[in-house]
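This is what each chain is made of:
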Amino acid sequence: MRGRLFILLFCSAICSFSQVPNAPEFRGVWIATAYHIDWPQQRRMLPSQQRQDFIEILDFYQSLDFNAVFVQVRVAGDAFYESSLAPWSEFLSGVEGVKGDWEEDPLVFMVRETKARGMEFHAWLNPYRVTLGGDPLLLDDKHIWKRHPEWCVLYGRSYFLDPGLPAARAHVVSIVEELIDKYPIDGVHFDDYFYPYPIAGLEFNDRSSFVTHGLGDFEEREAWRRANVDSLILSVDRLLESKRRDVLFGVSPFGIWRNASEDPRAPNVDRTISTYDHLFADPLTWAEEGWVDYLVPQLYWKTTDMKANFTELARWWDQAVTNTPIYLGNALYQVHRNSSGAENDEIKRQLLLGRRLPNVDGHVFFSARSLMDRPALARQLRATVYQSSRASSNAD
């Protein structure tokens, strides 16, 4: 455990003892670069426009006292920074492998501007996703599919690194090492993509790696897969412990650990997908072992959802994880499907619920433009929920 975690636990204990009503809360936002969801907004924008675009996002969330951004610096085997391990992202310049007319490293710019506003910069990575579809032969020669196609598995239309290969896991760790060696980031963040989300009737073809690397120790391939993901999480934790203890490490798992029909300890939900049984990720173990500094379960449902209820799930995570900070992941794009008045009420209910839960220390919004495109909602939050509790700033 590193960095702010000790501070958070100490403050949590003090605040609980003294019953301070307006304890600082963590406020973060995901800035998605895939498909130009949040940044940059368009293909082939001038660097000056891209810089202004990013500053606009920072200024907006600074006005709401947010204290952290989670920027997607790797989408699928690419990078938004100078890397010896990956080509420049096509979502930066419009052409993979091309930096464009940037005079400086874009990540240097993003980290500098973020810290100048007293906010933390968390580098958000998709650790195993290799492509987003398309013809891999058209990829840049620096791309991992071109350099090590034997590490990659085609599943549906996309390629993924095989988590069962020690070399593939070591590659992901080397990506993290390059980032922490070159950039003064505050956090490394993995999202929910470990093994890919299942496609009906299609098997992820890792039988060969299971026979080679798992069959002697595991009777079930499912348990072996979870051990592979555990191994990656532990390796990143050990790397940070040895080289950058000031860098936080967190994961935003899919919001349902297991279904009630699968485990009596699971929340009272019954959805098709769960992070433990289908993505082979067990965030409860990572928290219990101290391998992560925070978790952001993606609770992308409403408080009125009958099959996966936000309130039920938030309370479950609050009770299931007591030794690691929990920030609730809110999906503004889900909330916005309602009418204007209903969407305001829904997101306020979610935020206020989080404040009432003793082990929840804040929230993270997905994604940045969702709130920026709803100025009326932003004004309401600023005047109501965010007026009553100030966020703390922990960045250097």
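Residues numbered from 1 in each chain as written. Predicted model: local features only at pLDDT ≥ 70, side-chain atom pairs only at ≥ 80, totals over all residues. Heavy atoms only, no water.

> Which parts of the structure should I look at to understand the overall build of the chain?
From N to C terminus, the chain includes 14 helices and 11 strands. Counting only residues that meet the buried cut, the chain has 60% of its 396 residues in that class. Restricting to contacts in the chain with at least 6 residues of sequence separation, those with at least 24 account for 72%. Here the chain has roughly 16300 Å² of accessible surface; of this, 50% comes from carbon and sulfur atoms. (Helix = DSSP H or I, 4+ residues; strand = E, 2+ residues; numbered from the N terminus. Buried < 20%, exposed > 50% of the residue type's maximum accessible area, 1.4 Å probe, protein only. Contact = heavy atoms within 4.5 Å. Areas by Shrake-Rupley, 256 points an atom, 1.4 Å probe, with all protein chains shown as cover.)

> In this structure, what is going on with the pattern of salt bridges? I would like to understand it.
If the charged atoms of two oppositely charged side chains come close together, the side chains can form a pair. One pass over the structure, following the stated rule, counts 21 salt bridges. Between aspartate 186 and lysine 115 there is a salt bridge whose closest N-O contact spans 2.9 Å. Placement of the pair is aspartate 186 in the loop between helix H6 (166–182) and strand E6 (187–190) and lysine 115 in helix H4 (residues 106–116), with a sequence separation of 71 residues. Accessibility assignment for this pair places aspartate 186 and lysine 115 in one class, buried. The salt bridge involving aspartate 246 is made with arginine 244; its shortest N-O contact spans 2.8 Å. A residue is classified by how much of its surface remains accessible, and aspartate 246, at 46% relative accessible area, is partly exposed. Since its relative accessible area comes to 14%, arginine 244 is described here as buried. Connected through salt bridges with shared partners, the residues Glu203, Asp206, Arg207, Arg221 and Arg225 form a single ionic network. (Salt bridge = Lys/Arg side-chain N within 4 Å of Asp/Glu carboxyl O.)

> Looking at this structure, how should I read H4?
In an α-helix, one turn spans 3.6 residues; hence positions three or four apart end up facing the same way. Of all 11 residues making up H4, eight are buried, and the element is well covered by its neighbours. For H4, the full list of buried residues reads Pro106, Leu107, Phe109, Met110, Val111, Glu113, Thr114 and Lys115. Considering only its buried residues, H4 is in contact with helix H2 (47–62), strand E2 (68–74), helix H3 (90–93), strand E3 (120–125) and H6. The N-cap of H4, judged by a side-chain oxygen 2.9 Å from the amide nitrogen of leucine 107 a few residues on, is aspartate 105. (Polar contact = N/O pair within 3.5 Å; in protein donor to acceptor, adjacent residues only side chain to side chain.)

> Please explain the packing of aromatic side chains as it appears in this structure.
The description of an aromatic ring pair uses the distance of the two centres, along with the angle that the planes make with each other. All told, the structure shown has 34 aromatic pairs when counted by the stated rule. Each ring, one from tyrosine 195 and one from phenylalanine 280, has its centre 5.4 Å from the other, and the planes form 80°; the classification is edge-to-face. Taken together, the positions of tyrosine 195 in the loop between E6 and helix H7 (207–213) and phenylalanine 280 in the loop between strand E7 (248–251) and helix H9 (283–289) put the pair 85 residues apart, joining distant regions of the chain. Each member of the pair, tyrosine 195 together with phenylalanine 280, is buried. The structure contains a cluster of three or more aromatic residues connected by ring pairs, namely Phe26, Trp30, Phe70, Tyr294, Tyr300, Tyr327, Tyr333 and Phe366. Taking the ring centre of tryptophan 102 as reference, the NZ or CZ of arginine 51 above it sits at 5.5 Å. The residue whose ring lies beneath arginine 129 is tyrosine 193, and the NZ or CZ to ring-centre distance is 4.9 Å. (Phe/Tyr/Trp six-rings, centres within 6.5 Å; stacked < 30°, edge-to-face > 60°. Lys NZ or Arg CZ within 6 Å of the ring centre and 35° of its normal.)

> Got a minute to help me understand the packing of H6 against helix H8 (residues 221–243) in this structure?
Where H6 contacts H8, the two axes come as close as 10 Å, and the packing angle between them is 25°. When the interaxial angle is binned, H6 and H8 end up roughly parallel. You can see that H6 and H8 cross each other, and the crossing is right-handed. Of the residues in H8, those in contact with Arg169, Val172, Val173, Val176, Glu177, Ile180 and Asp181 of H6 are Asn228, Ser231, Leu232, Ser235, Val236, Leu239, Leu240 and Lys243. Among the residues forming the contact of H6 with H8, the class breakdown is eight nonpolar, three polar and four charged. (Axes fitted to C-alpha atoms, helices over the stretch in contact; angles between N-to-C directions. Parallel < 35°, antiparallel > 145°, perpendicular 65-115°, else oblique. Left-handed = near helix turned anticlockwise from the far one by under 90°. Nonpolar A, V, L, I, M, F, W, Y, C, P; charged D, E, K, R; others polar.)

> How should the nonpolar core be read in this particular structure?
A general trend in soluble globular proteins is that nonpolar side chains are found buried together. One finds Tyr61, Phe121, Phe190, Ile233, Trp286 and Leu371 to be the most contacted residues of the largest nonpolar core, which totals 115 residues. For phenylalanine 121, the residues in contact, after removing those within four places along its chain, are Phe54, Val69, Val71, Val73, Leu107, Met110, Val111, Thr114, Ile185, Asp186 and Gly187. One finds Ala68, Phe70, Tyr294 and Tyr300 within the second-largest nonpolar core, a separate group that totals 14 residues. (Core = buried A, V, L, I, M, F, W, Y, C linked by side-chain atoms within 4.5 Å.)

> Please explain the environment of aspartate 59 as it appears in this structure.
In this fold, aspartate 59 is placed in helix H2. Among the residues examined, aspartate 59 registers a relative accessible area of 34% and is labelled partly exposed. The spacing of aspartate 59 and threonine 114 is 55 residues in sequence and 9.4 Å in space, taken between C-alpha atoms.

> So what exactly am I meant to see when it comes to the pairing of strand E10 (residues 326–331) here?
The side chains of a regular strand alternate, first on one face of the sheet and then on the other. The element E10 is largely enclosed, with a buried count of six among its six residues. Taking every second residue as pointing to the same face, both faces of E10 are buried, with Ile326, Leu328 and Asn330 on one and Tyr327, Gly329 and Ala331 on the other. Of the strand pairs in this sheet, strand E9 (residues 298–299) and E10 are connected by two bridges, and their pairing is parallel. Note that in E10 the partner of leucine 299 across the bridge is asparagine 330. Handedness of the β-α-β unit built from E9, helix H10 (residues 310–320) and E10 comes out right-handed. When E10 meets strand E11 (residues 360–366), the two strands line up parallel, connected through six bridges. (Pairing = 2+ DSSP bridges. Right-handed = clockwise from strand over helix to strand, strands pointing away.)

> I keep staring at H10 and nothing clicks. Help me out?
Of all the positions in H10, only Phe310, Thr311, Leu313, Ala314, Trp316, Trp317 and Asp318 are classed as buried. Between a side-chain oxygen at the N-terminus of H10 and the backbone nitrogen of threonine 311 the separation is 2.9 Å; the capping residue is asparagine 309.

All we've got here are geometric facts, nothing functional implied.
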